[in-house]
Amino acid sequence: GFTQNLEKHNEMLRDFHKTCHEAIEEFKEKRGLKADRLMASCRGDECCTFLIGGKGDEDEVLALELAIYLKEKWKVSDFCKKNWQASATGLIPQVDLRIGIGTGEVALDNDVWTGANTPEGIAISEAKRIEGLADEAKETLIVVKWDIKETCLKAKVPVKFGEAVRLKGKGIPAFHDIPLYPVLTYERWKDIQAEVTPAPKTVDELFARATALSRSGDFASAIPLFTDVLKTRKNMPDAWEWRG
């Protein structure tokens, strides 16, 4: 964003908001979620979503799948298509979404601007702090709060987590010891990706399919696709790194 003029910067933000809105509305429709089950809003370069009222482990699993759905819709957005063209030069890195998933009570407050009830309070702040540590999940850039990890393990959700990292950042006291867990792989990732882009038609979509296979833990299927990408884009650093 710092390299763009104001008009281009706003165009990028509008595309981000449009991508998030379309992805979340599609996800709600496909999963049969009503408006009061999934609330969302965008401000600047942040998208904040809330799943409310699920039973058992329902919301935890839905949150993980929504995160993946958002990332896959992001990869086929206009912004990412332009970013892929730029990253093909080797001078600009491929951009991916960082996502943090937290839990807790959601307080609703009346928004004086719209007159509607909106989620407020510590839940938003904590989720933002969790998102700030998403680089700890190098391959997926998704980090979850400890109780989501515990819920997924008890429900035998096919997800693999990395080693715990401590929540830290602006507004988090040093004595708070809240563990977060990077998401390494999730078996259903490739299925969710197939919902968004059924069949790769371009090198970029082939790269997206290969990363989805990797993130699902299917490395044996991913490696030949990265090899195919490199036949066309020999100097694509991200493809070399993923293949390695």
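Everything below is about the structure printed above this text.
What counts and how
Residues numbered from 1 in each chain as written. Predicted model: local features only at pLDDT ≥ 70, side-chain atom pairs only at ≥ 80, totals over all residues. Heavy atoms only, no water. Phe/Tyr/Trp six-rings, centres within 6.5 Å; stacked < 30°, edge-to-face > 60°. Helix = DSSP H or I, 4+ residues; strand = E, 2+ residues; numbered from the N terminus. Buried < 20%, exposed > 50% of the residue type's maximum accessible area, 1.4 Å probe, protein only. Lys NZ or Arg CZ within 6 Å of the ring centre and 35° of its normal. Core = buried A, V, L, I, M, F, W, Y, C linked by side-chain atoms within 4.5 Å. Contact = heavy atoms within 4.5 Å. Salt bridge = Lys/Arg side-chain N within 4 Å of Asp/Glu carboxyl O. Polar contact = N/O pair within 3.5 Å; in protein donor to acceptor, adjacent residues only side chain to side chain. 1 Å grid on protein atoms, 1.4 Å probe; cavity = no way out; pocket = protein on both sides within 12 Å on 5 of 7 lines; lining within 4 Å. Points joined across faces, edges and corners; volume = space filled by probe spheres on them. Nonpolar A, V, L, I, M, F, W, Y, C, P; charged D, E, K, R; others polar. Axes fitted to C-alpha atoms, helices over the stretch in contact; angles between N-to-C directions. Parallel < 35°, antiparallel > 145°, perpendicular 65-115°, else oblique. Left-handed = near helix turned anticlockwise from the far one by under 90°.

## Concerning the packing of aromatic side chains
Then comes step 1: Using the criterion set out here, one finds 5 aromatic pairs in the structure.
Then comes step 2: Ring centres 5.8 Å apart and planes at 65 degrees place the aromatic pair Phe 207 and Phe 226 in the edge-to-face group. With a gap of 19 residues between them, Phe 207 in helix α7 (residues 203-215) and Phe 226 in helix α8 (residues 219-232) connect regions that are remote in the sequence.
Then comes step 3: Judged by its relative accessible area of 5%, Phe 207 is buried.
Then comes step 4: For Phe 226, a relative accessible area of 1% puts it in the buried group.
Then comes step 5: Site record: aromatic cluster; members linked through ring pairs are Phe 16, Trp 74 and Phe 79.
Then comes step 6: Over the face of the ring belonging to Tyr 181 we find Lys 149, whose NZ or CZ atom lies 4.2 Å from the ring centre.

## Observations regarding the nonpolar core
Then comes step 1: One finds Ile 101, Ile 142, Val 144, Val 159 and Tyr 186 to be the most contacted residues of the largest nonpolar core, which totals 38 residues.
Then comes step 2: The leading source of residues in this core is helix α2 (residues 58-75), at 10 residues.
Then comes step 3: Excluding anything up to four places from it in sequence, Tyr 186 contacts Val 61, Leu 64, Glu 65, Ile 68, Val 157, Pro 158, Val 159, Ile 192, Arg 215 and Ser 216.
Then comes step 4: Membership of the second largest hydrophobic core comes to 12 residues, among which are Trp 84, Phe 207, Ala 208 and Val 229.

## Observations regarding the pattern of salt bridges
A pair can form between side chains of opposite charge whenever their charged atoms are brought close.
Then comes step 1: Under the defined criterion, the tally for this structure stands at 25 salt bridges.
Then comes step 2: The partner of Glu 72 in a salt bridge is Lys 75, with the nearest N and O atoms 3.1 Å apart. With Glu 72 and Lys 75 both in helix α2, this residue pair falls 3 residues apart, about one helical turn. Of the two residues, Glu 72 and Lys 75, both sit in the buried class.
Then comes step 3: Several salt bridges converge on common partners, so that one network encompasses Lys 30, Arg 31, Glu 65, Arg 188, Asp 191 and Glu 195.

## Quick look at the environment of Arg 98
Then comes step 1: Relative to the helices and strands, Arg 98 is located in the loop between α3 (78-87) and β3 (99-101).
Then comes step 2: Judged by its relative accessible area of 30%, Arg 98 is partly exposed.
Then comes step 3: Considered as a pair, Arg 98 and Arg 43 are 55 residues apart in the sequence and their alpha carbons are 15 Å apart.
Then comes step 4: In this structure Arg 98 touches Glu 131, Gly 132, Ala 134, Asp 135 and Leu 141, once residues within four positions along its chain are discounted.
Then comes step 5: Side chain to side chain, Arg 98 and Glu 131 meet in a polar contact 3.5 Å long.
Then comes step 6: Here the side chain of Arg 98 touches Gly 132 through a polar contact of 3.1 Å, landing on its backbone oxygen.

## Describing the layout of surface pockets
Empty space among the atoms becomes apparent when a probe as large as a water molecule is rolled across them.
Then comes step 1: The volume enclosed by the second largest pocket comes to roughly 400 Å³.
Then comes step 2: In terms of lining residues, the second largest pocket is bounded by 18 residues, among which Gln 94, Asp 96, Arg 215, Asp 238 and Trp 242 are the most central.
Then comes step 3: Counting residues per element, the ones that place at least two in the lining of the second largest pocket are α2, α3, α7 and α9 (237-243).
Then comes step 4: In the lining of the second largest pocket, the residues fall into 7 nonpolar, 2 polar and 9 charged.

## Let's talk about the packing of α2 against α7
Then comes step 1: Contact geometry of α2 with α7 gives a least axis separation of 11 Å together with a crossing angle of 160 degrees. Between α2 and α7, the angle is such that the two are roughly antiparallel. Once α2 is placed against α7, the crossing between them reads as right-handed. Here α2 contributes Lys 71, Glu 72 and Lys 75 to the contact with α7, which in turn contributes Ala 208, Thr 211, Ala 212 and Arg 215.

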